[in-house]
Amino acid sequence: MDDITALILDDHAAFRRGFARLDDARDPAELLAVWEALALHLDIHAEAEEAILYPHLVRHGDDGAEETEDAIGDHNKIRDAIAESKLHEVGSDAWWAAVWRARRENSEHLAEEEDEALPDFRRHAGVELRAELGARWLRFYGEHKNGRNLPFRDKDPERYVQDHR
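Residues numbered from 1 in each chain as written. Predicted model: local features only at pLDDT ≥ 70, side-chain atom pairs only at ≥ 80, totals over all residues. Heavy atoms only, no water.

S.K.: Describe the overall build of the protein chain, with residues and values.
M.R.: Along its length, the protein chain carries six helices and zero strands. Secondary structure elements in the protein chain, listed N-terminal to C-terminal, are α-α-α-α-α-α. For a compact globule of 165 residues, the expected C-alpha radius of gyration is about 15 Å, and the protein chain comes in at 16 Å, within 12% of that figure. Its C-alpha atoms put the protein chain at 45 × 30 × 30 Å along the principal axes. Relative to its 165 residues, the protein chain shows a buried fraction of 48%. The long-range fraction of contacts in the protein chain, counting pairs at least 24 apart against all pairs at least 6 apart in sequence, stands at 80%. (Helix = DSSP H or I, 4+ residues; strand = E, 2+ residues; numbered from the N terminus. Rg over C-alpha atoms; globule rule 2.2 N^0.38 Å. Buried < 20%, exposed > 50% of the residue type's maximum accessible area, 1.4 Å probe, protein only. Contact = heavy atoms within 4.5 Å.)

S.K.: Tell me what's going on with the packing of aromatic side chains, and back it up with residues and numbers.
M.R.: Inspection of every chain in the model, using the stated rule, returns four aromatic pairs. Aromatic pair tryptophan 137 and tyrosine 141: ring centres 5.5 Å apart, planes at 40°, arrangement tilted. Taken as a pair, tryptophan 137 and tyrosine 141 lie in helix 5 (residues 127-143) at a separation of four residues, close to a single helical turn. Note on tryptophan 137: relative accessible area 2%, which makes it buried. Among the aromatic side chains, those forming a connected cluster through ring pairs are Phe19, Trp35, Trp95 and Trp96. (Phe/Tyr/Trp six-rings, centres within 6.5 Å; stacked < 30°, edge-to-face > 60°.)

S.K.: Please provide a residue-by-residue account of the nonpolar core, values included.
M.R.: In this structure, Ile4, Leu53, Tyr54, Phe121 and Trp137 are the most contacted members of the largest nonpolar core, which totals 20 residues. When contributions to this core are tallied by element, the ones reaching two or more residues are helix 1 (4-24), helix 2 (28-60), helix 3 (64-85), helix 4 (93-124) and helix 5. Here the element with the most residues in this core is helix 2; it accounts for six residues. Ignoring anything within four residues of it in the chain, the contact list for leucine 53 reads Ile4, Ile8, Ala48, Leu118 and Phe121. (Core = buried A, V, L, I, M, F, W, Y, C linked by side-chain atoms within 4.5 Å.)

S.K.: I'd love a proper account of the packing of helix 1 against helix 4, names of residues and values included.
M.R.: In contact at an axis separation of 11 Å, helix 1 and helix 4 are set at 160° when each is read in the N-to-C sense. The pairing of helix 1 with helix 4 is recorded here as roughly antiparallel in orientation. For helix 1 against helix 4, the interelement crossing comes out left-handed. Here the residues of the contact of helix 1 with helix 4 are counted per class, giving 15 nonpolar, three polar and six charged. (Axes fitted to C-alpha atoms, helices over the stretch in contact; angles between N-to-C directions. Parallel < 35°, antiparallel > 145°, perpendicular 65-115°, else oblique. Left-handed = near helix turned anticlockwise from the far one by under 90°. Nonpolar A, V, L, I, M, F, W, Y, C, P; charged D, E, K, R; others polar.)

S.K.: If you had to explain the pattern of salt bridges to someone new, which residues and values would you point to?
M.R.: Summed over the entire model, instances satisfying the criterion amount to 11 salt bridges. One salt bridge in this structure joins glutamate 114 and arginine 16, with 3.2 Å as the shortest N-O distance. Here glutamate 114 is found in helix 4, whereas its partner arginine 16 is found in helix 1, with 98 residues between them in sequence. The salt bridge involving lysine 155 is made with glutamate 50; its shortest N-O contact spans 2.7 Å. Here lysine 155, found in the loop between helix 5 and helix 6 (157-164), pairs with glutamate 50, found in helix 2; they are 105 residues apart in sequence, far enough to count as distant. Classification of glutamate 50 by relative accessible area gives buried; the value is 4%. Several salt bridges share partner residues, and in doing so they unite Glu47, Glu50, Arg79, Asp154 and Lys155 into one network. (Salt bridge = Lys/Arg side-chain N within 4 Å of Asp/Glu carboxyl O.)

S.K.: Tell me about the environment of histidine 56, and name the residues and values.
M.R.: Along the polypeptide, histidine 56 turns up in helix 2. Distance from histidine 56 to lysine 77, taken between C-alpha atoms, is 22 Å for residues 21 residues apart in sequence. Once residues lying within four places of it in the same chain are set aside, the contact partners of histidine 56 are Gly61, Phe121, Leu129, Leu133 and Arg136.

So, in structure tokens, the structure goes:
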């Protein structure tokens, strides 16, 4: 069975590859194809973490509330940058500014999550829970193929923590 932390790290690697593909894209059609897929994956990933990982971390981690609040705020910044990119012509300076903001926010978020939140979660979650959540993660992606029925809306980080304690 898949460990949720391994599945999350797989997504993180895919995000890094997606941003590298943007570096190599040469025309607006290619930029759009790469960015739309990457942006959708970023949005679905944030929703999956907020539905599956962070409710457990906030209750059981050493610094779970703080890490969760920070992660929700990061997800909001990434969502906002993605939404901003959709307001501009692909390849324009304004579009690139929004995409680069998403990239910077995502890079910072991945580093914090990989260095803080995921190790904290691993210390407090047994192998069985990690496998159970991994199965839920895979079902979540299947149930929400291409983002189906997901709102992709910002959440209040403090409220999220209060609601999941």
